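Commentary on secondary and tertiary structure
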Amino acid sequence: MPLFLPNKTYTIPSTGHKYAYIHYPPSNGSKPTLLFLHGFPSTSHDWRFQIPHFRSLGYGILAPDLLGYGGTEKPTDVGCYLGSEMSKEIIAILDHEGLGPKDAKGSGGVVAIAHDWGTYVLSQLASRYQDRFEKFVFMSVPYTMPGKRTDIKMVNKRTKEKFGYEMMGYWLFFTTPRAGRAIGENWENFFNAMYPTDPAIWKTVLAPTGTMEGFLTTTSPLVSSSLLAPYITEEDKAHHHSAFGSDYSAPCTWYVRGISSLGVEEEKDSIKNGKIKEKIGKETLMIATVNDPVGSPERARMGMQAGVEGGLAGGKLAIVEVDSGHWVMLQRAEETNRILKEFFENGVKGVGKSRFKASL
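Note that the coordinates shown come from a computational prediction; the quantities given were computed from them, not determined experimentally.

Moving on to the overall build of the protein. Scanning the protein from terminus to terminus reveals 16 helices and nine strands. For 360 residues, the compact-globule estimate of 2.2 N^0.38 gives 21 Å, and the protein sits close to it at 19 Å. Projected onto its principal axes, the C-alpha coordinates of the protein cover approximately 60 × 45 × 40 Å. Looking at the 360 residues of the protein, the share that counts as buried comes to 57%. Taking as baseline every contact in the protein between residues at least 6 positions apart, the subset at least 24 positions apart corresponds to 76%. With an accessible surface of roughly 14,200 Å², the protein has 52% of that area assigned to carbon and sulfur atoms.

Moving on, we come to the pattern of salt bridges. Following the criterion strictly, the structure yields 15 salt bridges and no others. Note that Asp236 is salt-bridged to Arg48, the shortest N-O span being 3.4 Å. Placement of Asp236 in helix α11 (residues 234-244) and of Arg48 in the loop between β3 (33-37) and α1 (51-56) is noted, with a sequence separation of 188 residues between them. Each member of the pair Asp236 and Arg48 is classed as buried. Salt-bridge contacts for Arg178 lead to Glu213; the nearest nitrogen and oxygen are separated by 2.8 Å. Of this pair, Arg178 sits in the loop between α5 (170-174) and α6 (179-185) while Glu213 sits in helix α9 (residues 211-218), and the two are 35 residues apart along the sequence.

Next up on the list: the packing of helix α7 (residues 187-194) against α11. Packing of α7 against α11 brings their axes to within 11 Å, and their N-to-C directions diverge by 125 degrees. Our classification of the angle between α7 and α11 gives oblique. Note that α7 runs across α11; the crossing there is right-handed. Across the interface between the two elements, Trp187, Glu188, Phe191 and Asn192 of α7 pack against Asp236, Lys237, His240 and His241 of α11. Tallied by class, residues from the contact of α7 with α11 come to two nonpolar, three polar and three charged.

Within helix α3 (residues 118-128), 11 of the 11 residues are buried, leaving the element largely enclosed by the surrounding structure. Where α3 is concerned, the buried positions are Gly118, Thr119, Tyr120, Val121, Leu122, Ser123, Gln124, Leu125, Ala126, Ser127 and Arg128. Buried positions along α3 lie against β3, α2 (83-96), β5 (110-115), β6 (135-139), α12 (249-260) and α13 (264-272).

Those residues of helix α14 (residues 297-307) that fall on the buried side of the exposure criterion are Pro297, Ala300, Gly303, Met304 and Gly307. Buried residues of α14, seen end-on, are gathered within an arc of 130 degrees and therefore sit on one face of the element. Each element contacted by the buried residues of α14 is listed here: β6, β7 (284-289) and β8 (317-322).

Before going further, it helps to examine the packing of aromatic side chains. Summed over all chains, the structure comprises 27 aromatic pairs. Here Trp117 and Trp171 contribute two aromatic rings whose centre-to-centre distance is 5.5 Å and whose plane-to-plane angle is 35 degrees, an arrangement assigned as tilted. One end of the pair, Trp117, is in the loop between β5 and α3; the other, Trp171, is in helix α5, with 54 residues separating them in the sequence. No difference in accessibility class separates Trp117 from Trp171, as the two residues are buried. Across the ring face of Tyr24, the terminal group of Arg55 is positioned such that the distance to the ring centre comes to 3.6 Å. The ring of Phe343 is capped by Lys135, whose NZ or CZ atom sits 5.2 Å from the centre of that ring.

The next thing to look at is the pairing of strand β1 (residues 8-11). The pairing of β1 with strand β2 (residues 18-24) spans four bridges and is antiparallel. Bridged to Thr9 within β2 is Ala20. Where β1 folds back onto β2 in an antiparallel hairpin, the turn is made up of six residues, including Gly16, whose phi is positive at roughly 80 degrees.

Attention now goes to the packing of α7 against α9. If you want to describe how two helices pack, look at the angle between their axes and the distance between the axes. At their nearest, the axes of α7 and α9 sit 8 Å apart, and the two run at 125 degrees to each other. Taken together, the axes of α7 and α9 are oblique relative to one another. The chirality of how α7 crosses α9 is right-handed. Contact residues: α7 offers Asn189, Phe190, Ala193 and Met194, while α9 offers Met212, Phe215 and Leu216. In the contact of α7 with α9, the residues fall into six nonpolar, one polar and no charged.

Quick notes on the rules
Residues numbered from 1 in each chain as written. Predicted model: local features only at pLDDT ≥ 70, side-chain atom pairs only at ≥ 80, totals over all residues. Heavy atoms only, no water. Helix = DSSP H or I, 4+ residues; strand = E, 2+ residues; numbered from the N terminus. Rg over C-alpha atoms; globule rule 2.2 N^0.38 Å. Buried < 20%, exposed > 50% of the residue type's maximum accessible area, 1.4 Å probe, protein only. Contact = heavy atoms within 4.5 Å. Areas by Shrake-Rupley, 256 points an atom, 1.4 Å probe, with all protein chains shown as cover. Salt bridge = Lys/Arg side-chain N within 4 Å of Asp/Glu carboxyl O. Axes fitted to C-alpha atoms, helices over the stretch in contact; angles between N-to-C directions. Parallel < 35°, antiparallel > 145°, perpendicular 65-115°, else oblique. Left-handed = near helix turned anticlockwise from the far one by under 90°. Nonpolar A, V, L, I, M, F, W, Y, C, P; charged D, E, K, R; others polar. Arc of directions from axis to C-beta. Phe/Tyr/Trp six-rings, centres within 6.5 Å; stacked < 30°, edge-to-face > 60°. Lys NZ or Arg CZ within 6 Å of the ring centre and 35° of its normal. Pairing = 2+ DSSP bridges.

Have a look at this one:
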């Protein structure tokens, strides 16, 4: 699989942040442009199995390296990572490329797809700029309701009781001042653990409090290399290292913002004043990952039921469970592409009629 690297850059006038992104206009004018938003610790390269597939079907592509990643600006000021700011920057890129809502002139509009931390930006786009998009797709991590605080200690307590391990203990390491450099100095161990053959390894290496830092500093790359998934090539690994180098401080700032719930009070006020929407009122697909130690299908179902108008009974939401670890678009690329294509072409009802497990 060849590398798909950003072929454009744009500096956001309001913030001065330079974004690198992949952009190809639709070859079929009636098809929408697909906005792909990656997560941590990734770049737009995460979508390497989706970009060529959907380009070949006539869809447009817009896949940015999100703020703090790859070829995009890497600030460490936590205020830069507010959902209100990052969503505004994505809209600025759409405006720059002339990508608006579907219209009578034949424009196919924009469908937004996100994975992992990309779903936070997608949630903010859906809350603040819902009318700019035709449909939404969340992968592994569900919609984040605006105005809700994050209580990691409570999440870890409850998941320890329910699943036998803390699900988000790694947040406590990623939000320390030393995390970015510690990861960078041991990047190969980190990469091998983040993209494992067996997703269950996260239950002992990543999720519980304190385990990731210990793994990074006490394991040799030769040993950790045995964990790496077969869908990751040496070229993928080299690309990752070139994108991050020896310091992950900027990507870790996403967690710093998240654990402090920065921006939540503004969201509450904006909901109260009618400036943003609390729920999604357009067709939405959730691809839940069954074997994901940090993102259970139950969590996905609860989040989407609460966040989409009418829930599963309302006709705007489909939830598909895929037998995959966290990186569903890589581990189950063909299946992911089939599900996405059905949703793009036929909406929620089309997904419900597919041979994949769906809940409607």
